[in-house]
Amino acid sequence: MKLLKIDSADNVAVALSTIAAGEEVDVHGIILTVLEPVDAGHKIALEHIAAGDAVVKYGHPIGHTSEPISPGRPFTPTT
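Just so you know, these numbers come straight off a predicted model, no measurement behind them.

Reading the values: the criteria
- Residues numbered from 1 in each chain as written.
- Predicted model: local features only at pLDDT ≥ 70, side-chain atom pairs only at ≥ 80, totals over all residues.
- Heavy atoms only, no water.
- Helix = DSSP H or I, 4+ residues; strand = E, 2+ residues; numbered from the N terminus.
- Contact = heavy atoms within 4.5 Å.
- Areas by Shrake-Rupley, 256 points an atom, 1.4 Å probe, with all protein chains shown as cover.
- Pairing = 2+ DSSP bridges.
- Salt bridge = Lys/Arg side-chain N within 4 Å of Asp/Glu carboxyl O.
- Buried < 20%, exposed > 50% of the residue type's maximum accessible area, 1.4 Å probe, protein only.

Engineer: Account for the overall build of the protein, naming residues and giving values.
Structural biologist: For the protein, the helix and strand inventory stands at zero helices and eight strands. When the backbone C-alpha atoms are referred to their principal axes, the protein occupies close to 30 × 20 × 20 Å. Considering only residue pairs separated by 6 or more positions, the protein has 43% of its internal contacts joining residues 24 or more positions apart. Of the roughly 4,200 Å² of accessible surface on the protein, 53% is carried by carbon and sulfur atoms.

Here you go:
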């Protein structure tokens, strides 16, 4: 397992190890192609997240996006 989705409401998962761009990963049945290299500990979108939408981790909003985020793209939310 390379990604961890913590709560069923989460729209992001956390990389447990480094993942290369183009690698396919499975997160609880969601198959994603990672769009950019991602280091362990960083978040990856599991679904499309529109600009300004909440980033949900642990089942709770932890910030918002400043731009649209595509599934499989690593990013850092703004607070």
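Engineer: Break down the pairing of strand β7 (residues 60-64) for me, with residues and values.
Structural biologist: Within a regular strand, the side chains alternate between the two sheet faces. Pairing of strand β6 (residues 54-57) with β7, which is carried by four bridges, proceeds in the antiparallel orientation. Within β7, the residue paired with K57 across the bridge is H60. The antiparallel hairpin formed by β6 and β7 contains two residues in its connecting segment, where Y58 sits at a positive phi of about 60 degrees.

Engineer: Give a description of the pattern of salt bridges that names residues and reports values.
Structural biologist: The final tally for this structure, using the stated rule, is three salt bridges. One salt bridge in this structure joins R73 and E36, with 3.4 Å as the shortest N-O distance. Pair noted here: R73 is in the loop between β7 and β8 (74-75) and E36 is in the loop between β4 (30-33) and β5 (43-45), with a separation of 37 residues, a long-range link. Under the relative-accessibility criterion, R73 is labelled partly exposed at 21%.

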